[in-house]
Amino acid sequence: MPLKNRSLLIVEDDEAAAFGYTEYLSQLGCSAITAHTLKDANRLLETAVFDALLLDLRLPDGNALHWIPEQKNSFPQIPIIVISGISDIPTAVQAMKNGAENFLTKPVEMDELTSVLEKCLELSLLRKKTTIQQRLSRVETPCFGVSEKITQLLEFVQLAAANDSVILLQGETGTGKGVLARWIHEKSRRAPEAFVELNCSGLKGELLKSELYGHAKGAFTSAIREREGLMEVADRGTLFLDEIGDMDSEVQAQLLKTIEEKSFRRIGENRVRKSDFRLICATNRDLLEEVTAGRFRSDLYYRICVFPVTVPPLRERIDDIPVLAAHFLAAGSYAGQPFDREVLQALQNYPWPGNVRELKNMLERATLLAQGGNLAISHFPGINGRCGTTGSRVTTDNLYEMEKQHIYSVLGKYNGDKKMASEALGMSFSNLYRRLLQYKKGSGAGTGDQSRKTVTV
Ligand SMILES: Nc1ncnc2c1ncn2[C@@H]1O[C@H](COP(=O)(O)OP(=O)(O)OP(=O)(O)O)[C@@H](O)[C@H]1O
Ligand SMILES: [Mg+2]
């Protein structure tokens, strides 16, 4: 791992030694700051973000051996390399036991220091990634398609990826906002660092805060040990806040403050911490509507709406369907799986309320049903018999289901424009909105989605 652009804290009271390290490391492209005492080091750690720490042991205000555990508790991701004039083995063993990553004795060979630093930084990145994988899961190979809409969107998004602005991804459920967020991270200069994702809809209040900001030991009843928040884990990388429209107002207020001040505190702690992350937010709600309804803070909305991106629903980019279908079949080891001619036509006519997610799931189910043969229309029970968004035939006798299919088909006819669809349907906008929410949650007449129930895989 190259040392370029890494920031290091050198805790060393010997001016000449500190100067030597700083000079050498800045030639490698690192930025290095020196603290001559533990007190200075504490202050700097609270106000700036560091990738690694070079630590002398005998300092004017104490032996740093005892300071290491405190630091590892507060900043577990920052590797500590001890550089000491004390070269006895028990001290080295104790330093490592206390949490130091490596131990070098003075005088230090600069080549050795470089290689130790590189290894430590690599290890720390791996650790970060493991933490994230333990807490979160989802890696997708993206495929976006070829339609004009998606091509333009990707061009715009690439512009946004190149700088550090907040990006707000909006769009219906299953359109691929999460996949796009990860793609933006991969395209940005932060790609080698962590992509940290948090779904704000599952957690409320203190739990959400604790996940985001971390907490001190004893901050609340279940806080039996200190824990870092995802904001810290996302340092130098990307923090993806999914379903931000579901965030409760107390956390919204705190998030606004964090974005503005670029600093935060763990719950139950006074120390102000810094984290340098790029923020991406996503929601399938109409956030402006949420602002109007008083459910989302307008100041936060305008703060995160720097680069707003609306991912179009699949029914508005049907040219992408063949490409996406081929991608999902290949990903499921069904590359080149033959289609009956009418299948593709039917896929392009279906309104896809569940968007790309639904297409992927439907293809998965169809390949299982086809058992290696041609994919026929009968293998797509959800769309079987539907002949287009305009004149779609209702394929059920269930009233709830009939209404749902009709509403989706009218929505499709007006390219997802809820206002126009509500006028055509003769229902109020808010009524339609509520109905769509109900369908999304799968509630209503208690029948669920019949088209999905037809086949159980
Ligand atoms: N561009 C894409 N490439 C590959 N797979 C995709 C793509 N877009 C969506 N998918 C598939 O659809 C699923 C849903 O995508 P994702 O979770 O990103 O959608 P979303 O817009 O965030 O939906 P929700 O609002 O419900 O969270 C993904 O897990 C993936 O399987
Ligand atoms: Mg999502």
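See above for the structure.
Quick summary incoming for the structure in this document. (Residues numbered from 1 in each chain as written. Chains lettered and ligands numbered in written order. Predicted model: local features only at pLDDT ≥ 70, side-chain atom pairs only at ≥ 80, totals over all residues.)

1. Things to note about the sheet that holds strand β15 (residues 278-283)
Link 1 in the chain: Read from one edge of the open sheet, 5 strands run β9-β12-β15-β8-β16, paired in parallel fashion. Each having just a single partner strand, β9 (195-199) and β16 (307-310) make up the two edges of the open sheet. Geometrically, the sheet is characterised by an average inter-axis angle of 20° between neighbouring strands, direction not taken into account.
Link 2 in the chain: Relative to strand β12 (residues 238-242), β9 runs parallel, the two being bridged by 5 bridges. (Pairing = 2+ DSSP bridges. Helix = DSSP H or I, 4+ residues; strand = E, 2+ residues; numbered from the N terminus. Axes fitted to C-alpha atoms, helices over the stretch in contact; angles between N-to-C directions.)

2. Structural notes on the site of ligand 1
Link 1 in the chain: In the region of ligand 1, 17 residues are neighbours, and Thr173, Gly176, Lys177, Gly178 and Val356 sit closest.
Link 2 in the chain: Secondary-structure elements contributing two or more residues to the shell around ligand 1 are α7 (177-187) and α15 (355-370).
Link 3 in the chain: Of the residues assigned to the shell around ligand 1, the class counts are 6 nonpolar, 7 polar and 4 charged.
Link 4 in the chain: Lining the shell around ligand 1 are residues from two domains, each supplying at least three of them: domain 2 (148-310) and domain 3 (315-453). (Near = placed C-beta within 6 Å. Nonpolar A, V, L, I, M, F, W, Y, C, P; charged D, E, K, R; others polar. Domains from an automatic or database assignment.)

3. Overview of the sheet that holds strand β3 (residues 52-55)
Link 1 in the chain: Across the sheet, which stays open at both edges, the 5 strands sit in the order β2-β1-β3-β6-β7 with parallel pairing between neighbours. In the strand order of this sheet, the two ends are held by β2 (31-35) and β7 (102-105), each with one partner. Within this sheet the neighbouring strands show an average axis-to-axis angle of 20°, counted without direction.
Link 2 in the chain: Alignment of β3 against strand β6 (residues 80-84), held across 3 bridges, turns out to be parallel.

4. Digging into the packing of helix α6 (residues 148-162) against α7
Link 1 in the chain: Close contact between α6 and α7 brings their axes to 9 Å; oriented N to C, the two are set at 55°. The orientation of α6 relative to α7 falls into the category oblique. Note that α6 runs across α7; the crossing there is right-handed. When α6 is examined against α7, the residues Val157, Gln158, Ala160 and Ala161 are found in contact with a partner set consisting of Leu180, Ile184 and Lys187. (Parallel < 35°, antiparallel > 145°, perpendicular 65-115°, else oblique. Left-handed = near helix turned anticlockwise from the far one by under 90°. Contact = placed C-beta atoms within 7 Å.)

5. Some details on the packing of helix α13 (residues 321-331) against α15
Geometry of a packed helix pair, given as the angle between the helix axes and the separation of the axes.
Link 1 in the chain: Closest axis-to-axis distance for the α13/α15 pair is 10 Å, and the angle between their directions is 55°. With respect to each other, α13 and α15 are oriented oblique. Seen from above, α13 lies across α15 with right-handed handedness. Residues Ile321, Leu324, Ala325, Phe328 and Leu329 of α13 form the contact with α15, whose participating residues are Val356, Leu359, Lys360, Leu363 and Thr367.
Link 2 in the chain: Within the contact of α13 with α15, the residues separate by chemical class into 8 nonpolar, 1 polar and 1 charged.

Note that every value here comes from positions in space, so none of it alone points to a role or purpose.
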